[in-house]
Amino acid sequence: MNTQTEGKTKDQFIDASVSTTSGRFPDEGFKRVPNNQPVKVLLAKAADTLGLADTDGWVARVDDREINATDSYQANGLTGKVTIDWGPSEGGGGA
């Protein structure tokens with residue numbers, strides 16, 4: 001594989017992990033996924049593996065920035081290695 005082809009192949013993937021209060025997916029390291037894949041695909045795998053029953057309304061964040069799980073990693077501006085923090089939205093408190 002030449003350097004030009006190698007660079008294009010590398011740019012087509014991202015290394016991602018998901019962190020929740022119930023655990024991490026994968027449990028060690030990162031999962032290599034296509035950068036044009038919707039983030040929700042990895043979140044669904046994480047939910048299944050970690051046994052998460054109800055994730056409706058959960059929010060995905062990278063570096064304190066909310067991302068759109070229905071969009072791809074590329075559309076969310078994510079590259080390289082990222083850890084997605086995924087959990088319930090932090091609703092406002094009340095009296």
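Our subject is the structure listed above.
It should be emphasised that the depicted structure is a prediction, and the values quoted were computed from it without experimental measurement.

Chemist: Mind showing me how you'd approach the environment of Leu52 here?
Modeler: Within the element layout of this structure, Leu52 appears in the loop between helix 2 (39–50) and strand 4 (58–62). Spatially, the C-alpha atoms of Leu52 and Gly23 are 9.9 Å apart, while their sequence positions differ by 29 residues.

Chemist: How should I be thinking about the pattern of salt bridges in this particular structure?
Modeler: Proximity of charged atoms lets side chains of opposite charge pair with each other. Throughout the structure, instances matching the rule amount to one salt bridge. Close ionic contact of Arg32 with Asp15 constitutes a salt bridge, the shortest N to O distance being 3.1 Å. Within this pair, whereas Arg32 is found in strand 3 (residues 31–34), its partner Asp15 is found in strand 1 (residues 13–20), the two being separated by 17 residues in sequence. Of the residues examined, Arg32 reaches a relative accessible area of 45% and is grouped as partly exposed.

Chemist: Would you explain the packing of aromatic side chains in this entry?
Modeler: Think of a pair of aromatic rings as described by two things: how far the centres are apart, and how the planes are tilted against each other in angle. Applying the stated criterion to the full structure yields one aromatic pair. Centre to centre, the rings of Trp58 and Trp86 are 5.0 Å apart; their planes meet at 75 degrees, and the pair counts as edge-to-face. Here Trp86 lies in strand 6 (residues 81–88) and Trp58 lies in strand 4, a separation of 28 residues in the sequence. Taking the relative accessible area as the measure of exposure, Trp86 reaches 8% and is therefore buried. For the cation-ring pair, Arg24 lies above Phe30, with the distance from its terminal atom to the ring centre recorded as 5.5 Å.

Chemist: Please explain the pairing of strand 1 as it appears in this structure.
Modeler: In regular strands, side chains alternate between the two faces of the sheet. Taking burial as the measure, the eight residues of strand 1 include six buried ones, the bulk of the element. Of the pairings in the sheet, the one linking strand 1 to strand 2 (residues 23–25) comprises three bridges and is antiparallel in character. The residue of strand 2 that forms the bridge with Thr20 is Gly23. If you look at the hairpin formed by strand 1 and strand 2, you'll find two residues sitting between the two strands.

Chemist: Could you clarify how one ought to interpret the nonpolar core in this entry?
Modeler: Nonpolar side chains tend to gather and get buried jointly when the protein is soluble and globular. Among the nonpolar cores identified, the biggest contains 20 residues, and Leu43, Ile67, Tyr73, Leu78, Ile84 and Trp86 are the most heavily contacted of them. The biggest single contributor to this core is helix 2, with five residues. Beyond its immediate sequence surroundings of up to four residues, Leu78 is in contact with Ile14, Val62, Arg65, Ile67 and Tyr73.

Chemist: Sorry if this is basic, but what is going on with the environment of Leu42 here?
Modeler: Note on placement: Leu42 falls in helix 2. When sequence neighbours within four positions are dropped, the list of residues in contact with Leu42 reads Ala16, Ser17, Val18, Phe25, Lys31, Gln37 and Tyr73.

Reading the values: rules and limits
Residues numbered from 1 in each chain as written. Predicted model: local features only at pLDDT ≥ 70, side-chain atom pairs only at ≥ 80, totals over all residues. Heavy atoms only, no water. Helix = DSSP H or I, 4+ residues; strand = E, 2+ residues; numbered from the N terminus. Salt bridge = Lys/Arg side-chain N within 4 Å of Asp/Glu carboxyl O. Buried < 20%, exposed > 50% of the residue type's maximum accessible area, 1.4 Å probe, protein only. Phe/Tyr/Trp six-rings, centres within 6.5 Å; stacked < 30°, edge-to-face > 60°. Lys NZ or Arg CZ within 6 Å of the ring centre and 35° of its normal. Pairing = 2+ DSSP bridges. Core = buried A, V, L, I, M, F, W, Y, C linked by side-chain atoms within 4.5 Å. Contact = heavy atoms within 4.5 Å.

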